[in-house]
Amino acid sequence: MKRLKNLTPFIVMDIVKEASKFNDTIHFEIGQPDISPSPKVIEAAQTAIKNKNFSYTQTEGLEILREKIALHYKKVYDVKINPENILITPGTSGAFLLAYSLLLDINERIGFADPGYPSYKNFAYMLGIEPVFINVDKDSNYCITKDILKKYKIDALQISNPSNPTGNIYEDNSLKDLCRYCELNGINLISDELYHGLVYDKNVQTALKYNKNAIIINGFSKYFCMPGFRIGWIIVPDNLKRKAVMLAQNIFISAPTISQYAAVEAFDYEYLKFVNETFKKRRDFLYNELKNIFTINKFPDGAFYIWADISKYSNNSFEFSKFLLEKIHVAVTPGTDFGKNETKKYIRFSYTRDLKHLEEGVKRLTSLLC
């Protein structure tokens, strides 16, 4: 099919496959937290199984879960949301398909940051939507600004805040300006806020604070440490609620029931403070070590990634990633997974393993490269 010819694989999966051949691999490649979810989550899942909660839920998701999410937005952002505007989805992937289908028709254009999360463009290709790649770099803090956006003709814009792979955030004034620009110029805004909660020294705001028509996507896989539960959410404006439900009914009927019951207990803020503090310690350690080995032109404010410039060693991030794996059994993600904007010069480190694991990785890198 012509609209699928541009789909791209995740190169990192080749690294993952090769890394599995070694018992002593140091894993910097996959963005999956190693921390268990709150014990309350596990208990809720066990209770759901015991109570035989195996039926579909309503397509929108459990009412109690949507109410918990709405309360979360009030508590964290002081933003009031009607639970009826929230739909529970099978991970954020289900939410992206809903958002793109709701906002865009075939051949319409959606803008993404380059470098950026690779699945965005693939979802666009699947739906016959044209992705527009917007180059960002250290000069813009890896953010799409309103001045950059003026150069592009698009129907929708998706931002990632915090971002994968660079760990940048949209600080308040930048986010406010971008939200207002999109509203004034008829650009539909989608904000991927999956890494909210994993911001370490600054505050980050939801785009709904400044653009009431923005579509917000978030989920439980990162901050809440529930990747295998495959549970996310999407917030849509009033005029799209009915269409969102109709689409969801046909795409996935409803999100996993047991996962929904588990997620009700995910808003354990004392435990989530521990999660944030753990990743901050890892970030601080790994950044301070890697900056002596690579050039790092963006201090990561959020998520759990470090975007490292390898140009003093190589101009081919995939070959360099294979070299690290073969020589010292250190697995990293090639920058070319994240676009074409100088990404051959970069690799991504993920700090989703404990400090001892990270320390061993740094030791091996230092012995090979320094």
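Throughout what follows, the structure given in this document is the object of discussion. Residue positions within a chain follow its written sequence, with the count starting from 1. Local features in a predicted model are, by the rule used here, given only for residues with pLDDT of at least 70; side-chain atom pairs are given and counted only at 80 or more, and totals for whole chains, interfaces and linings are based on all residues. Side-chain numbers here rest on the full set of heavy atoms in the structure, without hydrogens or water.

1. What to know about empty space enclosed by the protein
Which parts of space are left empty comes out when a probe the size of a water molecule is rolled across the atoms. Every definition here rests on a 1 Å grid over the protein atoms only: cavities are sets of points where a 1.4 Å probe fits but cannot get out, pockets are open sets enclosed by protein on both sides within 12 Å along at least five of seven lines, and lining residues have some atom within 4 Å of a point. Grid points are joined across faces, edges and corners, and a volume is the space filled by probe spheres set on the points. What the rule picks out here adds up to one cavity of 30 Å³ or more. Forming the boundary of the largest cavity are 14 residues, of which A113, P115, I159, S160 and S163 lie nearest the centre. Under the DSSP-based scheme used, a helix requires at least four consecutive residues in state H or I and a strand at least two consecutive residues in state E, with every element numbered from the N terminus. Those elements that provide at least two residues to the lining of the largest cavity are β3 (109–114) and β5 (156–160). Of the residues forming the lining of the largest cavity, the biggest block, three residues, is contributed by β5. Taken together, the residues of the lining of the largest cavity break down into eight nonpolar, six polar and no charged. In this count, Pro and Cys sit with the nonpolar residues alongside Ala, Val, Leu, Ile, Met, Phe, Trp and Tyr, while Asp, Glu, Lys and Arg are called charged and the others, Gly among them, polar.

2. Here's the deal with the sheet that holds strand β12 (residues 346–350)
A pair of strands is considered paired only if DSSP assigns at least 2 bridges between the two. The three strands are arranged β9-β12-β11 in an open sheet whose pairing can be described as antiparallel. Only two strands of the sheet have a single partner each, and these edge strands are β9 (305–309) and β11 (333–334). Note: β11 against β12, two bridges, orientation antiparallel. If you follow P334 over to β12, its bridge partner there is I347.

3. Here's the deal with the pairing of strand β2 (residues 86–89)
Residue exposure (1.4 Å probe, protein chains only): buried if accessible area is under 20% of the type maximum, exposed if over 50%, otherwise partly exposed. Alternating positions in β2 separate into two faces, I86 and I88 on one and L87 and T89 on the other, with burial throughout. One ladder, built from four bridges, connects β2 with strand β8 (residues 232–235); its direction is antiparallel. Bridge pairing links I86 to I235 in β8.

4. Here's the deal with helix α11 (residues 317–328)
Residue pairs spaced three or four apart in an α-helix point in one direction, given the helix's 3.6 residues per turn. Here, expected helix span is obtained from the residue count minus one, scaled by 1.5 Å. Under the 1.5 Å per step criterion, the end-to-end length of α11 is 16 Å for twelve residues, consistent within 8% with the ideal 16 Å. The set of residues buried in α11 consists of S317, F320, S321, L324, L325 and I328. Down the axis of α11, the sector holding all buried residues measures 135 degrees, keeping them to one side. Opposite its buried face, α11 presents the exposed residues E326 and K327, each directed more than 90 degrees away. Here, two residues are considered to be in contact whenever any of their heavy atoms come within 4.5 Å of each other. Looking at the buried positions of α11, the neighbouring elements they touch are α1 (12–19), β10 (330–331), β11, β12 and α12 (355–369). The opening residue of α11, the one whose side-chain oxygen lies 3.2 Å from the backbone nitrogen of F318, is N316. Taken from the residues just after α11, H329 is the one with a positive phi, measuring 55 degrees. As used here, the arc is the angular range of directions from the helix axis to the C-beta atoms. Counting of polar contacts relies on pairs of N or O atoms within 3.5 Å, with two restrictions inside protein: one atom must be capable of donating a hydrogen and the other of accepting it, and residues adjacent in sequence are counted only when both atoms are side-chain atoms.

5. Observations regarding the environment of F349
By secondary structure assignment, the location of F349 is in strand β12. Relative accessible area serves as the criterion here: at 0%, F349 is assigned to the buried category. Between the alpha carbons of F349 and K212 there is a distance of 35 Å; along the sequence they are 137 residues apart. When residues no more than four places from it in sequence are discounted, the contact partners of F349 are F28, L286, L290, F294, F304, Y305, I306, A308, V332 and L365.

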